[in-house]
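Secondary and tertiary structure notes
Listed below are the residues making up each chain.
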Amino acid sequence: MAVTPVTAVALRADLLSDTVTRPTRQMRHAMASAEVGDDVFGEDPTVNALESEVAGLLGHEAGLFTPSGSMANQLGLRLHVKPGEELVCDSLAHVVRAELGAAAVFSGISSRTWVASRGLLDAQQPLALMITGAGVYQVNTALVVVENTHNFGGGTVQPIEQIRALRAGTLDRGVRMHLDGARLWNAHIASGVSLSDYGREFDTVSVCLSKGLGAPVGSVLVGSAGAIAEARVWRKRYGGGMRQVGILAAAGRYALAHHVERLADDHTRAARAAAAFSEAAPGCLDPATVQTNILVMDVAGAGWTGARLAAAALVQGVRIYAVGPNLVRLVWHLDVDDEATTAAVDVVTALLRSGPPASD
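First, a word on scope: everything that follows refers to the structure included in this document.

Rules used in this analysis
Residues numbered from 1 in each chain as written. Predicted model: local features only at pLDDT ≥ 70, side-chain atom pairs only at ≥ 80, totals over all residues. Heavy atoms only, no water. Core = buried A, V, L, I, M, F, W, Y, C linked by side-chain atoms within 4.5 Å. Buried < 20%, exposed > 50% of the residue type's maximum accessible area, 1.4 Å probe, protein only. Helix = DSSP H or I, 4+ residues; strand = E, 2+ residues; numbered from the N terminus. Contact = heavy atoms within 4.5 Å. Axes fitted to C-alpha atoms, helices over the stretch in contact; angles between N-to-C directions. Parallel < 35°, antiparallel > 145°, perpendicular 65-115°, else oblique. Left-handed = near helix turned anticlockwise from the far one by under 90°. Salt bridge = Lys/Arg side-chain N within 4 Å of Asp/Glu carboxyl O. Pairing = 2+ DSSP bridges. 1 Å grid on protein atoms, 1.4 Å probe; cavity = no way out; pocket = protein on both sides within 12 Å on 5 of 7 lines; lining within 4 Å. Points joined across faces, edges and corners; volume = space filled by probe spheres on them. Phe/Tyr/Trp six-rings, centres within 6.5 Å; stacked < 30°, edge-to-face > 60°. Arc of directions from axis to C-beta.

**Let's talk about the nonpolar core**
Core analysis: the largest hydrophobic core is formed by 50 residues, its most contacted members being Phe65, Val144, Leu184 and Leu209. Here the element with the most residues in this core is helix H11 (residues 246-258); it accounts for five residues. Excluding residues within four positions of it along the chain, Val144 makes contact with Val88, Trp114, Pro126, Met130, Leu166, Thr170, Val175, Arg176, Met177 and His178.

Structure (structure tokens):
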């Protein structure tokens, strides 16, 4: 769905995405004072420290700093799937819904999907979908991709027991696993499961620094030392080689030190809004499913389309995202405090209760 641009509207709350965060004053200071070198030659000490830190947090040997989460994901997919082989993931997964067909375009990867309510993982679904040992008769499955938390599923946290069951089943059949962990930090805070407990179940993991953590740019792909060495070559081929990029890596290091624990505040504010919206328009969402910082609701029962509700909210200074014909998404982040949350709740609740104007 198209994003409504901000023009002359004075925003009271920007809940379009957690990618709209701006670096704090302290983060900008860390960036300005970062020690740098040429990262293509592996000589940027701040990048090297960030890669090592994230790999350690996730229980892996090595890491690779990338300019975007999509690049980190695509490098992970490229490592595991040969041209003509397939990956499987759920039908709402970012890698097939929001990365513009990159796996097919860049790597010749075929994809198949299973349907999962809210993107919630049931290990038996991908295990039943996978095809292995098919020879020249069918496309062989090389990789399962799991997203945690799940963006279009509404911030769903994947159960660790289902991840472990999936890992056991894929190992038995020689299929690898990649975690799109753009918001794994949120899953860790919401569930209490350690980052390493999540990370060690996957062959590669991508995590994003520029969403809830508030850095301006960057993701990290982690895996074995050999896998990351290969990914480094492909990053250069994809145009992702960067020079004195420690200025950006410093923002990521600051975010890891100061912005992970505060994600709980975003979760609390999202839950508060979910309760208010559910009361205003019963059936639009189940508040119990809002586990982290993302809220997705179906507004058709209140008479709205997603686009019309988003446009009406923007007129009143609240920016939200129409992610489907009848769906809107609101995402809490570093720049949405209690005052902004109150504004968003008041505006959207009133619109849900009133319905669209008769002339709309």
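**Things to note about the packing of helix H13 (residues 306-315) against helix H14 (residues 338-354)**
Direction vectors running N to C along H13 and H14 enclose 130 degrees, while the axes themselves pass 10 Å from each other. One element, H13, and the other, H14, form an angle in the oblique class. The handedness of the crossing between H13 and H14 comes out as right-handed. Contacts between H13 and H14 pair Leu309, Ala312 and Ala313 from the former with Val347, Leu351 and Leu352 from the latter.

**What about helix H8 (residues 184-191)?**
With six of its eight residues buried, H8 lies for the most part within the structure. For H8, the full list of buried residues reads Leu184, Trp185, Asn186, Ala187, His188 and Ile189. Residue Gly192 follows H8 closely and has a positive phi angle near 80 degrees.

**Things to note about the pattern of salt bridges**
Side chains carrying opposite charge are able to pair once their charged atoms draw close together. A full pass over the atoms with the stated rule returns 13 salt bridges. With a shortest N-O distance of 3.2 Å, Asp39 and Arg235 are connected by a salt bridge. Note that Asp39 is positioned in the loop between helix H1 (25-32) and helix H2 (45-57) and Arg235 in helix H10 (residues 225-237), a separation of 196 residues in sequence. Taking relative accessible area as the criterion, Arg235 reaches 2% and is therefore assigned buried. With its nearest N and O atoms 2.8 Å apart, the salt bridge here joins Asp338 to Arg269. Of this pair, Asp338 sits in helix H14 while Arg269 is found in helix H12 (residues 263-280), placing the two residues 69 residues apart along the sequence.

**A word on the sheet that holds strand E6 (residues 176-181)**
In spatial order, the strands read E2-E8-E7-E6-E5-E3-E4; together these seven strands make up an open sheet with mixed pairing. In the strand order of this sheet, the two ends are held by strand E2 (62-66) and strand E4 (110-114), each with one partner. Averaged over all neighbouring strand pairs, the angle between strand axes comes to 20 degrees, with direction disregarded. Alignment of E6 against strand E7 (residues 204-208), held across four bridges, turns out to be parallel. Note on E7: the bridge partner recorded for Asp180 is Ser206. With respect to the sheet, helix H7 (residues 160-173) is in contact with strand E5 (141-147) and E6, its orientation differing from that of E6 by roughly 150 degrees. Strands E2 and strand E8 (219-223) of the sheet are contacted by H10, whose axis makes an angle of about 20 degrees with E2.

**Quick look at the sheet that holds strand E11 (residues 321-322)**
The antiparallel open sheet is built from three strands, whose spatial order is E9-E12-E11. Bordering the open sheet on either side are strand E9 (294-298) and E11, each of which pairs with just one other strand. When E9 meets strand E12 (residues 327-331), the two strands line up antiparallel, connected through five bridges. Paired with Asp298 across the strands is Leu327, a residue of E12.

**As for empty space enclosed by the protein**
Empty space among the atoms can be located by rolling a probe the size of a water molecule over them. In this structure the tally under the stated criterion is one cavity of 30 Å³ or more. Approximately 40 Å³ is the volume attributed to the largest cavity. Asp90, Trp114, Gly119, Leu121, Val145, Val146, Glu147 and Gln158 are the residues that line the largest cavity. Counting residues per element, the lining of the largest cavity draws most heavily on E5, at three residues.

**Re the packing of aromatic side chains**
Under the definition given, this model contains two aromatic pairs. On the basis of an interplanar angle of 35 degrees and a centroid distance of 5.3 Å, the ring pair of Phe106 and Tyr238 is categorised as tilted. Here Phe106, found in helix H5 (residues 102-107), pairs with Tyr238, found in the loop between H10 and H11; they are 132 residues apart in sequence, far enough to count as distant. Accessibility expressed as a relative area gives 48% for Phe106, which makes it partly exposed. Measuring from ring centre to ring centre gives 5.8 Å for Trp234 and Tyr238, while their planes differ by 50 degrees; the resulting arrangement is tilted. By way of ring pairs, the aromatic residues Phe106, Trp234 and Tyr238 are connected into one cluster.

**Overview of unusual backbone geometry**
Asn148 connects to Thr149 through a cis peptide bond whose omega is -5 degrees. Along the chain, Thr149 turns up in the loop between E5 and H7.

**Section: H1**
Residues Met27, Ala30 and Met31 constitute the buried set of H1. All buried residues of H1 lie within an arc of 100 degrees about the axis, which places them on one face of the element. Of the exposed residues in H1, the ones pointing more than 90 degrees away from its buried face are Arg25, His29 and Ala32. Tucked inside the fold, the buried residues of H1 contact H11.

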